Amino acid sequence: MSTTSAGLRRTASRRPAIRPTWCCSFSLDPQTPHSKPYSPIAKPHSLTSRRILSPGRVSPIDSDPIDSDPIQDLQEKRLSSVVESRDGGSFRGFRVRLKGREGDVVILSEKEKEMICEYSEVFKGLIGGMDLNRGFEIELDGVKGLEGFKATIGLMREAGQNEMRWLAKIGVSGAIEILEVSCSIRFERGIAACLKYVEAAPWTENEEEKVKTLLKTYSFNKTLTQDIVSRFCTASLTSSDNLTVHLIRSITSGPNSKSRKGLHTLMNGILSSSSMYQKDIAGLNKEGIYDLCHSILDSLLVLFKEERPSAERISQQLENLNWLSEILIEKQIGEEFVDLWINQGELISMHEISSPMVRYEMSRVSATIFISLGKGKIHINGEKRFEFFNSWFGPMLLDFGWLRRCPKGLEMRMLEECIGQALLTLAMQQQQRFFMEWFRVFSEQGRECPNLTRAFQVWWRRSFVRSVGQS
């Protein structure tokens with residue numbers, strides 16, 4: 001009877017007499033078509049249902065915790081079944097045959113067999129006690145990646161500093177595959193070499209996840225992994241929310257406009273709610289950001305009161321303030337900023353007496369709030385919405401032309417649409433007041449003023465056109 005099971009098989013030498021075939025579960029891929037139940041006939045040793053992890057597999061097929069010593073288990077309980085075979089043969093000793101998932105096969109040479117039996121504790125335990133006068137074959141079936149296993153044998157040929165040079169040639173991904181195989185077959189020197197190399201090399205994010213998986217899957221000597229673990233450890237670092245405020249403060253105080261814009265993009269990516277770096281919405285010190293806002297507003301008042309206000313410095317501070325408002329709105333904590341901006345009576349009075357080239361950047365901050373209100377990103381009551389329009393709608397009508405000429409990424413059509421949508425959320429009498437103000441300015445200045453005709457039509461219809469059936 002021939003065996004149909006997959007895994008580690010010891011096939012009897014080809015002789016006319018009946019010889020046993022030894023079969024162990026050692027790297028069987030559950031997806032391989034050869035995976036079938038064993039039919040045990042004799043059990044020379046007590047059995048265990050535990051599987052040995054597959055060599056060459058980066059993603060372990062067995063995630064159950066291993067409590068016992070795999071070598072002791074292998075030596076004491078290595079046989080999962082024994083079946084009769086009528087196949088004969090003429091060789092003595094053993095062969096090692098690797099069979100991949102795609103059906104490709106590698107048979108190890110005599111030198112490779114010697115090395116793997118010398119350096120692998122698993123193979124030592126597997127071969128120990130076997131009668132090498134009888135021919136048998138060890139087959140690893142369903143191996144996911146033969147390259148990792150062959151590379152591991154290649155590392156066995158190296159020693160000392162040559163190990164690091166050899167690993168450097170294949171890179172971190174290759175070293176991680178070898179580390180996985182080395183752990184599976186208990187190649188201790190390979191484990192130490194791979195950990196040493198991986199610790200010293202930079203990783204991609206994908207490689208980082210593989211390293212973390214290996215550290216969770218296998219138990220390593222702490223002296224070998226402590227430097228790798230330190231690259232993940234954050235216990236002694238400043239909390240992310242306080243560190244974020246510190247970084248934002250550094251950016252807002254920087255004098256170089258190009259570097260500021262680049263750092264704005266960097267921080268926006270990190271703080272985005274959809275970012276892979278942001279694990280929760282509470283990764284920001286709200287009080288710290290609002291302290292920065294107050295500090296910038298105080299600086300603006302000082303700059304506007306100078307005998308010759310610097311348009312460049314005012315623009316820088318308003319750019320910082322607008323960026324902070326975008327962060328707060330993105331984090332859904334921007335309602336207090338609207339209150340803060342409403343109550344800037346002194347800044348509004350400065351707007352009235354300043355030149356358009358200096359003052360128009362204030363309306364850029366207002367534009368961010370108008371867009372957020374029109375899109376429903378900020379939720380404030382009707383009284384606050386009226387106060388905001390009462391304070392900043394007039395300046396927006398005056399500065400819109402300047403914003404159109406120098407938008408700096410501001411989408412003007414979206415701004416017009418959102419101003420109209422936000423205006424329609426006010427009470428009807430309040431809407432009438434602001435639409436009349438807009439109508440007057442628009443008739444005088446044309447496209448220097450936002451086009452709110454669509455919103456105006458909606459207001460007019462709601463106010464004066466009776467619906468069908470209404471008396």
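Remember, it's a predicted structure, so these values are computed and weren't measured experimentally.

Cut-offs and rules
Per chain, residues are indexed from 1 in the order of the written sequence. Thresholds applied to this predicted model are a pLDDT of at least 70 for local features of residues and 80 or more for the giving and counting of side-chain atom pairs; totals over whole chains, interfaces and linings are not thresholded and use all residues. Where side-chain values are given, they derive from all heavy atoms of the structure, hydrogens and water being excluded. To qualify as a helix, a DSSP run of H or I must reach at least 4 residues; to qualify as a strand, a run of E must reach at least 2; elements of each kind are numbered from the N terminus. Given the number of residues in a helix, its expected span is that number minus one, multiplied by 1.5 Å. Note on exposure labels: buried denotes an accessible area under 20% of the residue type's maximum, exposed denotes more than 50%, and partly exposed covers the range between, all computed with a 1.4 Å probe on protein chains only. Contact definition: two residues touch when any of their heavy atoms are within 4.5 Å. Axes here mean lines fitted to C-alpha atoms, for a helix over just the part in contact, with angles spanning 0 to 180 degrees between N-to-C directions. Definitions for this section: a left-handed crossing has its near helix turned counterclockwise from the far helix by less than a right angle. A right-handed crossing has that turn clockwise. Under this grouping Gly is polar, as are all residues other than the nonpolar Ala, Val, Leu, Ile, Met, Phe, Trp, Tyr, Cys and Pro and the charged Asp, Glu, Lys and Arg. Definitions used for this entry: grid spacing 1 Å over protein atoms alone; cavity, a set of points where a 1.4 Å probe fits but cannot get out; pocket, an open set with protein on both sides within 12 Å along at least 5 of 7 lines; lining residue, one with an atom within 4 Å of a point. Grid points are joined across faces, edges and corners, and a volume is the space filled by probe spheres set on the points.

Caption draft 1: Local environment of helix α6 (residues 188-200). Here α6 is 13 residues long and its end C-alpha atoms lie 19 Å apart, about the 18 Å a rise of 1.5 Å per residue gives. Of all the positions in α6, only Gly190, Ile191, Ala193, Cys194, Leu195, Tyr197 and Val198 are classed as buried. Next to the buried residues of α6 lie α4 (146-156), α5 (161-185), α7 (205-217) and α8 (222-230).

Caption draft 2: Local environment of the packing of helix α11 (residues 286-304) against helix α14 (residues 345-353). Where α11 contacts α14, the axes come no closer than 10 Å and their chain directions differ by 35°. Note that α11 runs across α14; the crossing there is left-handed. Along the contact surface, α11 presents Leu297, Leu300, Leu301 and Phe304, while α14 presents Glu346, Leu347 and Met350. Classifying every residue of the contact of α11 with α14 by side-chain character gives six nonpolar, no polar and one charged.

Caption draft 3: Structural detail: the environment of Lys377. Within the secondary structure, Lys377 is located in the loop between α15 (356-374) and α16 (382-405). Once the C-alpha coordinates of Lys377 and Glu330 are considered, the two residues, 47 residues apart in sequence, prove to be 8.1 Å apart. If sequence neighbours within four positions are ignored, Lys377 has contacts with Ile329, Glu335 and Ser372.

Caption draft 4: Empty space enclosed by the protein, seen in detail. Taken as a whole, this structure holds one cavity of 30 Å³ or more when the rule is applied. When its volume is computed, the largest cavity comes out at roughly 30 Å³. Here the element with the most residues in the lining of the largest cavity is α7; it accounts for three residues. Among the residues making up the lining of the largest cavity, the classes are represented as seven nonpolar, no polar and no charged.

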